[in-house]
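# Survey of secondary and tertiary structure
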Amino acid sequence: MTHRIDYSKAAPEGYKAFGGVYATLQRSSLPKALIDLVYLRVSQINGCAYCIDMHSRDLLKTGLAVEKLVLVPVWRDAIEVFSTRERAALAWAETVTRVAETGAPDSEYQAAADEFSDNELAVLSYAIGLMNAFNRFGIAFRSTPVAAAAA
């Protein structure tokens, strides 16, 4: 792989601004594990190895069972493993991440709005947007996953 810049060092002000959004999300009323689950699913859709590695590790640290972790990409086929709120968050994460294809239909919005308060849905959407941005940085600048760095 060709060496690419470390965007966090090349433009630290921008990185710090994104970090502020991340910190705000961590203080929100949504459980950290739910946000991490959404981060993981968004990263899987986008194919960001760095973020998949990081958020898988974060979820395992929270005590998420490996059996559940491996089913995240196919959560619709393993719905009994995921709570109603987790399924709603994952569905919203998928439709917002693929917004150019989905157009975020009313039915998907309503399903999320039925499960989350207005504040929670806004926070969830900020989390989805933030992770989509970080995925693009990670992929564009080829951020090295911890597992690959250790190999």
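For every chain, the first residue of the written sequence is number 1, and numbering continues from 1 along that sequence. Given that this is a predicted model, residues contribute local features only at a pLDDT of at least 70 and side-chain atom pairs are listed and counted only at 80 or more, while totals for whole chains, interfaces and linings are drawn from all residues. Calculation of side-chain values draws on the structure's entire complement of heavy atoms; hydrogens and water are dropped beforehand.

As a further point, take the packing of helix H2 (residues 12–26) against helix H3 (residues 32–46). The axes are straight lines fitted to the C-alpha atoms, using for helices just the contacting stretch, and the angles between their N-to-C directions are given from 0 to 180°. Only DSSP runs of H or I with at least four residues qualify as helices, and only runs of E with at least two residues qualify as strands; both kinds are numbered from the N terminus onward. Orientation of H2 relative to H3, taken along the N-to-C sense of each, is 135 degrees, at an axis distance of 10 Å. Here H3 runs oblique to H2, going by the angle between their axes. Between H2 and H3, the residues in contact are Tyr22, Leu25 and Gln26 and Lys32, Ile35 and Tyr39, respectively. Three residue categories are used. Nonpolar comprises Ala, Val, Leu, Ile, Met, Phe, Trp, Tyr, Cys and Pro, charged comprises Asp, Glu, Lys and Arg, and polar comprises the others, including Gly. Considering only residue class, the contact of H2 with H3 consists of four nonpolar, one polar and one charged. When describing relative orientation, an angle under 35 degrees is termed roughly parallel and one over 145 degrees roughly antiparallel, while 65 to 115 degrees is termed roughly perpendicular and anything else oblique. Whether two residues are in contact is decided by their heavy atoms, any of which lying within 4.5 Å being enough.

Moving on: the layout of surface pockets. The gaps left among the atoms become clear once a water-sized probe is rolled over them. Here a cavity denotes a set of grid points, spaced 1 Å apart and computed over the protein atoms alone, in which a 1.4 Å probe fits but from which it cannot get out, and a pocket denotes an open set meeting protein on both sides within 12 Å along at least five of seven lines; residues with an atom within 4 Å of a point are reported as lining. Grid points are joined across faces, edges and corners, and a volume is the space filled by probe spheres set on the points. Looking at the largest pocket, its volume works out to about 440 Å³. As for the largest pocket, its lining consists of 23 residues, and the residues nearest its centre are Tyr7, Tyr15, Tyr50, Phe134 and Ser143. Listed by contribution, the elements that provide at least two residues to the lining of the largest pocket are helix H1 (7–10), H2, helix H4 (49–61) and helix H9 (118–140). When residues in the lining of the largest pocket are grouped by element, the largest group, five residues, is from H4. Along the lines of polarity and charge, the residues of the lining of the largest pocket split into 12 nonpolar, seven polar and four charged.

Without other data, these values stay purely geometric and don't point to any function.
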